[in-house]
Amino acid sequence: MSTATGTPATNAAAPVATTGSQRGQGDLLEFVDWQGLECLNQNHSLSIVNAIKQGYREDDGLYLESDADEQLLIYVPFTQVIKLHSVGIKGPTEEGPKTVKLYANKEHMGFRCASDFMKLRKQCK
């Protein structure tokens, strides 16, 4: 189960729910481009929609699960520029993610690209 909180960056006057931890921040669901949402390795009966969509993510019986191994690669596009403040992940300690990596503005990445990106980043340090 996950949530993302932040603010839309392009329109300061846009109403934002104040369910986030800081004033002016809220759930970014209304800005998710649902048509472009992707999750590689997802079990289609326990898909990304379960983890993100409001109403589903509150149901402990619905969750996101890989159908292959321990890795998932999730792409969440937004309908406008946003400022991401936080991402919340909920799950059992023994079964939840041990490592989470965030990549900004990387459309349609595959596992090879993610791996190559991390190797390249280590070389540049």
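Residues numbered from 1 in each chain as written. Predicted model: local features only at pLDDT ≥ 70, side-chain atom pairs only at ≥ 80, totals over all residues. Heavy atoms only, no water.

Scanning the protein from terminus to terminus reveals two helices and five strands. In sequence order, the protein lays out its α and β elements as β-β-β-α-β-β-α. Of all intrachain contacts in the protein linking residues separated by at least 6 positions in sequence, the fraction that spans at least 24 positions is 61%. In the structure as shown, the protein presents an accessible area of about 8,900 Å², 50% of it carried by carbon and sulfur atoms. (Helix = DSSP H or I, 4+ residues; strand = E, 2+ residues; numbered from the N terminus. Contact = heavy atoms within 4.5 Å. Areas by Shrake-Rupley, 256 points an atom, 1.4 Å probe, with all protein chains shown as cover.)

For the rest of this paragraph, the subject is the pattern of salt bridges. The tally for this structure, following the rule as stated, stands at one salt bridge. When the shortest N-O distance is used, the salt bridge between Asp60 and Lys90 registers 3.2 Å. Of this pair, Asp60 sits in the loop between helix H1 (48-52) and strand S4 (73-75) while Lys90 sits in the loop between strand S5 (82-89) and helix H2 (111-124); the two residues are 30 residues apart in sequence, bridging distant segments of the chain. On the basis of relative accessible area, Asp60 is assigned to the exposed category, the value being 55%. (Salt bridge = Lys/Arg side-chain N within 4 Å of Asp/Glu carboxyl O. Buried < 20%, exposed > 50% of the residue type's maximum accessible area, 1.4 Å probe, protein only.)

On to the environment of Ser66, then. Mapping Ser66 onto the fold places it in the loop between H1 and S4. Overall, Ser66 belongs to the buried group, its relative accessible area being 17%. Between the C-alpha atom of Ser66 and that of Leu46, which follows or precedes it by 20 residues, the distance is 8.1 Å. Contact partners of Ser66, with chain neighbours within four places excluded, come to Asn41, Gln42, Asn43, Gln71 and Leu72.

Okay, unusual backbone geometry next. Unusually for a residue other than glycine, Asn41 sits at a positive phi of about 75 degrees. For Asn41, the position within the fold is in the loop between strand S3 (38-40) and H1.

Glancing now at the environment of Gln54. With respect to the secondary-structure elements, Gln54 resides in the loop between H1 and S4. Exposure remark for Gln54: the relative accessible area of 53% places this residue in the exposed category. Excluding its chain neighbours within four sequence positions, the residues that come into contact with Gln54 are Asp27 and Leu29.

What follows covers the confidence of the model for the protein. Across the protein, pLDDT averages 76, with 76% of residues at or above 70. Scored below 50 in pLDDT, residues 10-20 shows 19 contacts in the model against residues more than four places distant or in partner chains. (pLDDT = per-residue confidence, 0-100.)

Further remarks concern a nonpolar patch on the surface. On the surface, a cluster of nonpolar side chains totalling about 460 Å² of accessible area is made up of Leu84, Val87, Ile89, Val100 and Leu102. Among the secondary structure elements, Val100 is positioned in the loop between S5 and H2. (Patch = residues over 30% accessible without salt bridge, like charges linked within 9 Å, V, L, I, M, F, W, Y side chains within 5 Å.)

Quick look at the side chain of Asn43 now. Its place among the elements puts Asn43 in the loop between S3 and H1. In terms of polar contacts, Asn43 uses its side chain to reach the side chain of Ser45, at 2.8 Å. What Asn43 contacts, discounting residues up to four positions off in sequence, is Glu65, Ser66 and Asp67. (Polar contact = N/O pair within 3.5 Å; in protein donor to acceptor, adjacent residues only side chain to side chain.)

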